[in-house]
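# Structure at a glance
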Amino acid sequence: GAASLPPVLASAYVDPSDSQSDFYLGLRGALRNAGTALASAGSDSVATIRILADGASERVLTVSAGNIPTAYTLSYTVRISVSASGRELIAPEDHTMAREYSFDRTALLSKEREREALTAALADELVTHVMRRLASLSGAP
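An account of the accompanying structure is given in this report. (Residues numbered from 1 in each chain as written. Predicted model: local features only at pLDDT ≥ 70, side-chain atom pairs only at ≥ 80, totals over all residues. Heavy atoms only, no water.)

## Focus: the overall build of the protein chain
- A count of helices and strands for the protein chain gives two helices and five strands.
- Reading the protein chain from its N terminus to its C terminus gives the helix and strand order β-α-β-β-β-β-α.
- Scored against the burial criterion, the 141 residues of the protein chain give a buried share of 36%.
- Partitioning the intrachain contacts of the protein chain with sequence separation of at least 6 by distance along the chain shows that 68% fall at a separation of at least 24.
- With an accessible surface of roughly 7600 Å², the protein chain has 48% of that area assigned to carbon and sulfur atoms. (Helix = DSSP H or I, 4+ residues; strand = E, 2+ residues; numbered from the N terminus. Buried < 20%, exposed > 50% of the residue type's maximum accessible area, 1.4 Å probe, protein only. Contact = heavy atoms within 4.5 Å. Areas by Shrake-Rupley, 256 points an atom, 1.4 Å probe, with all protein chains shown as cover.)

What follows is the structure, given as structure tokens:
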């Protein structure tokens, strides 16, 4: 279901670091579903959600005897801050999700699709996590 957001987020501008990222697009959709009116840049009467960093990274987890990677850890990290009416409601904070996946160089194409699907799933999980964080601002003016 949609998160119940505080009145301060009734209207918001999302300032992206990458306007094509899975996280940014997912967050905009989640905000709309929660009843937030999305505003354009420069509106003074709205909350501003800044996405300061947004990206995925990959790290080798295990290698075979032939020194070929066999498993990776995929991490997706976003850094956000929220302000409204000249006040900082959420100082810049990082949110990270990570998953492991196996790698087989003989199935390179399918593993690349798996990585893309996993990246999108991590972005969706981060959207849910950030929406819960935004909902926790219930005491904000």
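## Details of the environment of Leu5
- Summarising the element assignment, Leu5 is placed in the segment before β1 (11–15).
- Considering only alpha carbons, one finds Leu5 and Arg132, 127 residues apart in sequence, at a separation of 8.7 Å.
- The contacts of Leu5, once residues within four sequence positions are left out, are Leu31, Ala34, Thr36, Met131, Leu134 and Ala135.

## Quick look at the nonpolar core
- In terms of nonpolar packing, the biggest core is built from 33 residues, with Leu9, Phe23, Leu27 and Leu134 touching the most fellow members.
- Those elements that place two or more of their residues in this core are β1, α1 (22–33), β3 (47–63), β4 (69–84), β5 (87–102) and α2 (108–135).
- With eight residues, α2 is the largest single contributor of residues to this core. (Core = buried A, V, L, I, M, F, W, Y, C linked by side-chain atoms within 4.5 Å.)

## Quick notes on the sheet that holds β4
- Strand order across the open sheet formed by five strands is β2-β1-β3-β4-β5, with mixed pairing between neighbours. Two strands in the sheet have a free side with no partner beyond their single neighbour: β2 (37–38) and β5.
- Pairing of β1 with β2 involves two bridges; the strand directions are parallel. By the bridge assignment, Ser11 is partnered in β2 with Ala37.
- Packing against the sheet, α1 makes contact with β1, β2, β3 and β4, and its axis sits at approximately 135 degrees to β3. (Pairing = 2+ DSSP bridges. Axes fitted to C-alpha atoms, helices over the stretch in contact; angles between N-to-C directions.)

## Here we look at the pairing of β3
- Sheet topology note: the β1/β3 ladder contains four bridges and is parallel. Considered in β3, the bridge of Ala12 is made with Ala47.
- Joining the antiparallel neighbours β3 and β4 is a turn of five residues, in which Asn67 adopts a positive phi near 65 degrees.

## Looking at the pattern of salt bridges
- For the coordinates displayed, the defined rule picks out five salt bridges.
- A salt bridge links Asp15 to Arg50, with the shortest nitrogen-to-oxygen separation between them at 4.0 Å. Of this pair, Asp15 sits in strand β1 while Arg50 sits in strand β3, placing them 35 residues apart in sequence.
- Exposure remark for Asp15: the relative accessible area of 26% places this residue in the partly exposed category.
- With relative accessibility at 32%, the residue Arg50 sits in the partly exposed group.
- For the salt bridge of Arg79 with Asp94, the shortest nitrogen-to-oxygen distance reads 3.0 Å. Residue Arg79 is found in strand β4, and its partner Asp94 is found in strand β5; the two are separated by 15 residues along the sequence. (Salt bridge = Lys/Arg side-chain N within 4 Å of Asp/Glu carboxyl O.)

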